[in-house]
Amino acid sequence: MNRENILAALKKNAMLIVLVLVYLFFMILTQGGIFEPSSFTELINQNAYVFILGCGMLMCMLTGGNIDLSCGSFVCLVSAIGGIFMIVSGLGTGVSILLLLLIGVVYGCILGFLIAYIHIPPWIATLAGYLAFRGLGTFILSSNSPTGSLAPFPADFRSIFYGKVFPTEKGVFNIPCFVLGLVAAAVVVLMLFWTRKNRLKKGYEADTIRQVALKGGLSAAVIILVMSRLAMDGGIPTTLLWVAGIVLIYSFITSKTTIGRHFYVVGGNIEAARLSGVNTKRIMFIAYLNMAVLTTIATMPVIARSNSAYANLGKNFEMDAISACVVGGVSASGGAGSVLGMVIGATLIGVINLGMSLISLDANYQRVVKGFVLLAAVVFDIVSKKKKK
Amino acid sequence: MAKILLEMKNITKEFPGVKALDDVNFKVEEGEIHALVGENGAGKSTLMNVLSGIYPYGTYEGDIVYEGQVCKFHNIKDSEKLGIVIIHQELALVPEMTIGENMYLGNECGHKFSIDWNKTYSEADKYLKMVGLSESSKTLIKDIGTGKQQLVEIAKALAKQAKLLILDEPTSSLNEEDSRALLDLMLSFKKQGMTMIIISHKLNEVSYVADTITVVRDGATIETIDNHGTEPVSEERIIKGMVGREMTNRFPRREDVVIGDTMLEVSDWTVHHPLYPERKVVDGVSMYVRKGEVVGIYGLMGAGRTELAMSIFGHTYGTNISGSMKIKGKAVKVKKGADDAIKHGIAYVTEDRKGNGLVLSQSIKVNTSLAHLDAISKHMVIDSDKEYAVAEEYRRKLKTKTPSVEQLVGNLSGGNQQKVLLAKWMFAEPDIMLLDEPTRGIDVGAKYEIYCIINDLAAAGKSVVLISSELPEVLGMSDRIYIMNEGKFVGEMKAEDATQEKIMAIILKSGRGE
């Protein structure tokens, strides 16, 4: 590996490096507080919705830089209705979840229909929801509770979305959690080597063995590190399983399936896609249906964590999801971006949020810092990519 | 001998890894029209960008001597100050602004904070008259056609007090009539003492208008041909310089293909305009193509050729489409949508490869497989190895010049993009291919290769419909020719009976409403 290769690799992974630097920065500032086991759990629980909404927002943005402004308010509405189901009417957890998902599907179908077939510009169509759902949610809450919030959610619901798998006491090393980490690390390394072998066998370009070893080694180290920290904090958070599952599914859809491919080409050149036999309207429909369903799913860990539904729930969630995508390199004009990039972007924002609350920075300053960090991250990304050419 | 206005001496320009210009020498006399010809990527545009300061002084080696002075341009403004004005191939006009506003964009009359609109419009009108435009300078750009927009670009250049006008492919998006008018305008400017450089692929235009022709090949000036004589230089003579070999035959010989049964037949096909449904864009057209046959459709731009092809291709253009369609003798009702047309074995290769043909931000691989993803996937999961293999196969078959099939299509030259577009539709395995202007905007060498591909397709038993506004191309490639004008088919002839004169006569006759 010569200097040029290293530089190229650095530029390619610019945002990942920013993430590491920011992490180290907070490591110093919090005197290791951000490396405490509880911080890891917190990072995942606090940001679960960003990862989940980020997947949906990515799909919308791929179709041509389209966004969904309504998802934060929809979280509020879903949580209010969830409160009615589970707290006021005492419906079972399973039934409630299914009914909430159904509401998500209905909203998604209406939204998708308006955008794909009636050609309402997405930001206008979702702006309506942004206004209406917050009002509707607040109305439902205040007419069912004198305080304007519904709490607490049933324990079984909370354990599904805000619990631990095979829990142990804090400070006791949790074996299942660590084993899961080892297995995940092994799978990642094996996959990397297997891909390389396959490519070489068929005579295609592939990374050198050193590159694969470096990539695999680093990924495995990070996975094992995170899981061993989590093992000291009572075990695997169920949120992690939800998030990881959804991220893996969407990663697969975007990179390996024909429908994922269609999202990219619709964003790249919608006319070319249409004349190549892609049903462009259906893709737009699916993007927003999918977004609504994922918003409903994202609501679950949020209300399980807050343990109450209240009027301000989900405020600015849409901005968090959009920021995660944009910081993660998803093109604002569509056609480019990856789930992995979005995950890095979301993690970066999460680390900054967590770090700032650990040093108990004033909430107003937090917003200022977040704004500038976002801008700086994107400027850095664009400038480093420009030099490559 | 006239005075030398411009001399570019020993210009060398390097991009990372590529020497785009290698020790180029180029001289332009005052008051002449100098044509710069060469294949795509030969270095013509790079040379002009060096001259106009887009590549600033210091990024290249060599000297620019203009009116006896060595010039060091740092940007376009510097060169424009001396009267060197370049008009790019892609028009740089703002559609929602008026002609006058566009002409003085970045060069506004009056003070910085108070634009003198009266002066702007009166000056603009003056220059518009000079280029023969009768439109008011307060007309919006979007309300005039491309031909007139090109004239506005020229008026804009005149407004900058141009002494040396550089026109990069000025006629590439114009029809023959507008092109001829533009060339004549150039000749009238010459009489008034203007010096011009024209870059063009259309060699008949070059030999018509130019006094001197410089041929560029592989980043070097190959030769300078004098065209002052009474007999214009022949196109073959220019082509010889461009490709470095004698092109005795611009069209590859057709193999004797056995022409089979009728593959596609449409009768009484009528298509209405999607926005103005009362307007008929295609009017009662009946046509057929047989297996292994190449059928040419000749017509001027706006004759309704593209609209005909797209309406056949899954009704992707137009409303209120009527008429019947038969494929392999069986009546079919193609549903709306390209996917259904593809299923019926029809492919439409667009004339506008950048606009609606290719996804420029994606790789060759992704573009190649796009119209037939089913073939490389199982249960919606793409087999990426298979996809790579397919893209690689077509890269080799069509001789696409690229380092790898992972290369983004946007980085390829026009000819290679066209090959990727053809690869995409060949991979869709159609029986009927509707090729719309398949050689537009690509150089002579690549054209020949595309012609070979078309012949191979016919030899493989495909039915090819070749839509073109270049008569020699239609005559050289087709077995049978339909002539289209104003939405109607006005003639049909066998290739061996057809000549340029006959076809033009038919069009002129139909235009007079006889």
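Refer to the preceding data block for the structure.
The rules behind these values
Residues numbered from 1 in each chain as written. Chains lettered and ligands numbered in written order. Predicted model: local features only at pLDDT ≥ 70, side-chain atom pairs only at ≥ 80, totals over all residues. Helix = DSSP H or I, 4+ residues; strand = E, 2+ residues; numbered from the N terminus. Rg over C-alpha atoms; globule rule 2.2 N^0.38 Å. Buried ≥ 20, exposed ≤ 12 C-beta atoms within 10 Å, placed from the backbone. Expected span 1.5 Å × (residues − 1). Pairing = 2+ DSSP bridges. Contact = placed C-beta atoms within 7 Å. Nonpolar A, V, L, I, M, F, W, Y, C, P; charged D, E, K, R; others polar.

Caption draft 1: Structural view of the overall build of chain B. A count of helices and strands for chain B gives 17 helices and 24 strands. By the compact-globule yardstick of 24 Å for 514 residues, chain B fits well, its C-alpha radius of gyration being 25 Å. A principal-axis box enclosing the C-alpha atoms of chain B has dimensions of 70 × 50 × 50 Å. Relative to its full complement of 514 residues, chain B shows a buried share of 44%.

Caption draft 2: Layout of helix H5 (residues 93–116) of chain A. The terminal C-alpha atoms of H5(A) lie 34 Å apart, and with 24 residues this matches the ideal 34 Å at 1.5 Å per residue to within 8%. Along H5(A), the positions that sit buried rather than exposed are Ser96(A), Ile97(A), Leu100(A), Gly104(A), Tyr107(A), Gly108(A), Leu111(A), Gly112(A), Ile115(A) and Ala116(A).

Caption draft 3: Focus on the pairing of strand S22 (residues 463–468) of chain B. Residue and element names in this part refer to chain B. Counting buried positions along S22 gives six out of six residues, so the element sits mostly inside the fold. Covered by surrounding structure in S22 are Ser463, Val465 and Ile467 together with Val464, Leu466 and Ser468, the residues of both alternating faces. Where strand S15 (residues 294–298) lies against S22, five bridges are found, and the strand directions are parallel. Note on S22: the bridge partner recorded for Tyr298 is Ser468. Note: strand S21 (residues 432–436) against S22, five bridges, orientation parallel. Paired with Leu435 across the strands is Leu466, a residue of S22.

Caption draft 4: The arrangement of the interface of chain A and chain B in detail. Facing 20 residues of chain A, the contacting portion of chain B comprises 25 residues. Of all the elements in the fold, those that place two or more residues in the side of chain A that touches chain B are helix H11 (258–268) and helix H12 (270–275) of chain A. For the side of chain A that touches chain B, the leading source of residues is H11(A), giving six residues. Looking at the side of chain A that touches chain B, its residues break down into seven nonpolar, eight polar and five charged.

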